[in-house]
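Residue strings, one per chain:
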Number of protein chains: 2
Amino acid sequence: MPSNRSHTIHKEHHHFGWNNANPPKLKVAPGDRIEFDTIDASGAQLGPESTLADLARLDFGKINPVTGPVHVDGAAPGDALKITLHEFAPSGWGWTANIPGFGLLADQFKEAALHIWKYDRSSLAPAAYGPGGRVPLKPFAGTIGVAPAEPGLHSIVPPRRVGGNMDIRDMAAGTVLYLPVEVPGALFSIGDTHATQGDGEVCGTAIESPMAVSLTIDLVKGANLRSPRYTTPGPVARHFDAKGYEVTTGIGPDLMAGAREAVMGMIDLLTAKHGLKPVEAYMLCSVCGDLRVSEVVDMPNWVVSFYFPRIVFE
Amino acid sequence: MPSNRSHTIHKEHHHFGWNNANPPKLKVAPGDRIEFDTIDASGAQLGPESTLADLARLDFGKINPVTGPVHVDGAAPGDALKITLHEFAPSGWGWTANIPGFGLLADQFKEAALHIWKYDRSSLAPAAYGPGGRVPLKPFAGTIGVAPAEPGLHSIVPPRRVGGNMDIRDMAAGTVLYLPVEVPGALFSIGDTHATQGDGEVCGTAIESPMAVSLTIDLVKGANLRSPRYTTPGPVARHFDAKGYEVTTGIGPDLMAGAREAVMGMIDLLTAKHGLKPVEAYMLCSVCGDLRVSEVVDMPNWVVSFYFPRIVFE
């Protein structure tokens, strides 16, 4: 039940990592609407004019700040927060990087790379990339979660039962997310907003882009969720799908090896067809290619497929 | 370059397993069009009137026959076959089963179950399932491949570098598939046709349905493919996506465990919401739910998501 109450929480109210001892920066009641201002995943260490030298100086202690935490009246362990995502107001710029040591093919891409994106924040027209590429945008929040029950400071990087850095590209306008509550008040935070991303986020970064997010928080008492779940109000890939896909596969007994093989195949295809450097193709795969499990039952070999939307180059 | 030649190969010309010593049943030139008649994955041991008792008597030596092999003039190791899928003419019936010992959750679903589907072969209107469910159809070939270089008989069940039982739900009309050739003449076969399936084929069977398939075989000399790849002519999930999705997640350091957790979550949701028995929900997940890798880079936890199309119950 939406209330008539609305709140704003500014980006100055952020934290690094999850800790249920963090004092709430805002208290709301179920049904309240909140406008969050977020900082990009670099913690504002990168900007629209940044270069590779700035990437090299990145202080990893300051990555992925999340705005919050927000205390929700009456939320208790065993409940679920019901988050309805209303609107994303992107900033018009973003960055994608290959960060050494991070990403699905970290062993193959050891050199840092950085791409700065400019896009039209009002039209959200596809963003230019390399020779002739245009990447459709669909803004969403990469990190959205609540504080874990376990005391102490927990890294922001891995997602958990309570959500967090899930990097699910469908955490976009209209989606309703249910998160398991583990501490009184839930302590909700959000950040790591992306202008767009494919399933998998294979190079480890998306179009990292600060933006404002408007959402409603509600409460489902006694939901006892095992892990996060969500509902989308409609299609999830219409921005990508109109011209079909180029698809590469990885076939074998290990899903991770299959994922790597499929992505390597796509990098080969994109470099051959469109004159991208391998690392440029890898970053492009991260922002718009989708990793799917085509079959996981034909023992002992599974098929992982990587879907690259042809609309990017057509 | 399409030729004007067309051929028909009847279902009597089938084989069990892959073996490059199988004599060709048909010889074609690149560019030829071929109509294949196929047998369902039970090898015609199940029919529209079958019961659980018939499933229990299944002879697994006769499962998954493929129609072929077809020898392609001039095909040599290192080339790729280029298969353009034109049309599927489904039979109007199909079966989905939980077969003990087979499937993503075989440890949890130990009892055999069988569902016989009837659908309109001309309109391909969504097929009824359980209380109020309607499953959109998109016919395709589950098994499509060429003979492996390694001599001897190889099980039909696992897919390989040369394709085979890939169970990729987008091997549908319009798709162009490239398969690595490993033996002279390629020795192409096809079968295991499905009226529809989701990504993952989680219970191990789809809507198993005999049908005729029309396709053109062409040759790409010296393609040197590492594994199969394909191009789709347009969107791949429009039959599922109009009403959005219910999505469950599995979060943790192992993709297989994540896939299992996500599917278990969806079975719980479908049984609670729609009054299905767990095994009925499991089979429904197999025919229309999609398994995706949402992120595979936020060390050490990955997110696997299972997308169930809301249109089935709306």
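Each remark here, short or long, concerns the structure printed above.
The notes below deal with the structure included here. (Residues numbered from 1 in each chain as written. Chains lettered and ligands numbered in written order. Predicted model: local features only at pLDDT ≥ 70, side-chain atom pairs only at ≥ 80, totals over all residues. Heavy atoms only, no water.)

**Regarding the relation of the copies chain B and chain A**
Once turned by 180° and shifted 0.0 Å along the axis, chain B lies on chain A with an RMSD of 0.0 Å. The two molecules are tied by a two-fold rotation axis, judged by turn and shift. By C-alpha distance to the rotation axis, the residue of chain B lying nearest is B:Arg292, at 2.2 Å. Looking at the interface residues of chain B, 100% of them are also at the interface in chain A, so both copies use one shared face. (Least-squares fit on C-alpha atoms with pLDDT ≥ 70 in both. Contact = heavy atoms within 4.5 Å.)

**Digging into the packing of helix α3 (residues 255–274) of chain B against helix α4 (residues 278–288) of chain B**
Residues and elements named next belong to chain B. Close contact between α3 and α4 brings their axes to 9 Å; oriented N to C, the two are set at 120°. As summarised for this structure, α3 and α4 are arranged oblique, according to the angle between their axes. Judged by the sense of rotation from one axis to the other, the crossing of α3 with α4 is right-handed. Residues Met 266, Ile 267, Leu 270 and Thr 271 of α3 form the contact with α4, whose participating residues are Pro 278, Ala 281, Tyr 282, Leu 284 and Cys 285. Across the contact of α3 with α4, the residue classes break down as eight nonpolar, one polar and no charged. (Axes fitted to C-alpha atoms, helices over the stretch in contact; angles between N-to-C directions. Helix = DSSP H or I, 4+ residues; strand = E, 2+ residues; numbered from the N terminus. Parallel < 35°, antiparallel > 145°, perpendicular 65-115°, else oblique. Left-handed = near helix turned anticlockwise from the far one by under 90°. Nonpolar A, V, L, I, M, F, W, Y, C, P; charged D, E, K, R; others polar.)

**Re the environment of B:Gly132**
Residues and elements named next belong to chain B. By the secondary structure assignment, Gly 132 is in the loop between β9 (127–129) and β10 (133–135). The class of Gly 132 is exposed, set by a relative accessible area of 54%. Spatially, the C-alpha atom of Gly 132 lies 27 Å from that of Ala 106, the residues being 26 residues apart in sequence. Excluding anything up to four places from it in sequence, Gly 132 contacts Val 312 and Phe 313. (Buried < 20%, exposed > 50% of the residue type's maximum accessible area, 1.4 Å probe, protein only.)

**A look at the interface of chain B and chain A**
Counting from both sides, the interface comprises 67 residues of chain B and, opposite them, 67 residues of chain A. Between B:Asp199 and A:Arg292 there is a salt bridge, with the nearest N and O atoms lying 2.3 Å from each other. Mapped onto the side of chain B that touches chain A, the elements with two or more residues apiece are β16 (229–231), α2 (238–241), β17 (245–252), α3, β18 (290–295) and β19 (302–309) of chain B. Among the elements that line the side of chain B that touches chain A, the one with the most residues is α3(B), at seven residues. (Salt bridge = Lys/Arg side-chain N within 4 Å of Asp/Glu carboxyl O.)

**Structural notes on the pairing of strand β14 (residues 188–194) of chain A**
Residues and elements named next belong to chain A. Within β14, seven of the seven residues are buried, which leaves it mostly tucked inside the rest of the structure. Two elements, strand β11 (residues 140–146) and β14, share six bridges in a ladder whose sense is antiparallel. Residue Gly 145 lies in a different strand from β14, and its bridge partner there is Ser 189. (Pairing = 2+ DSSP bridges.)

**What about the pattern of salt bridges?**
All names here are of chain B. For the coordinates displayed, the defined rule picks out 34 salt bridges over all chains. Residues Arg 57 and Asp 54 are paired through a salt bridge, measuring 2.8 Å at the closest nitrogen-oxygen approach. Residue Arg 57 is classed as exposed on the basis of its relative accessible area of 59%. In this structure Asp 54 comes out as partly exposed when scored by relative accessible area, which is 22%. The shortest N-O distance in the salt bridge between Lys 221 and Asp 79 comes to 2.7 Å. Placement of the pair is Lys 221 in the loop between β15 (211–220) and β16 and Asp 79 in the loop between β5 (66–72) and β6 (80–90), with a sequence separation of 142 residues. What makes Lys 221 exposed here is its relative accessible area of 54%. For Asp 79, a relative accessible area of 5% corresponds to the buried category.

**Considerations on the state of the cysteines**
Residues and elements named next belong to chain A. For the structure shown, the criterion picks out zero disulfides over all chains. A disulfide-free cysteine, Cys 203 has its sulfur positioned 9.1 Å from the sulfur of Cys 285, the nearest such atom. Cys 285 provides the cysteine sulfur closest to Cys 288, a residue in no disulfide bond, and the two sulfurs are 7.2 Å apart. (Disulfide = S-S within 2.5 Å.)

**Describing the environment of B:Trp302**
The topology assignment puts B:Trp302 in strand β19. On the basis of relative accessible area, B:Trp302 is assigned to the buried category, the value being 13%. Each C-alpha atom of the pair B:Trp302 and B:Thr231 lies 27 Å from the other, and the pair is 71 residues apart in sequence. Beyond its immediate chain neighbours, meaning those up to four positions away, B:Trp302 contacts A:Met256, B:Gly250, B:Ile251, B:Gly252, B:Pro253, B:Asp254, B:Leu255, B:Glu295, B:Val296 and B:Val297. A polar contact is formed between the side chain of B:Trp302 and the backbone oxygen of B:Pro253, at a distance of 3.3 Å. (Polar contact = N/O pair within 3.5 Å; in protein donor to acceptor, adjacent residues only side chain to side chain.)

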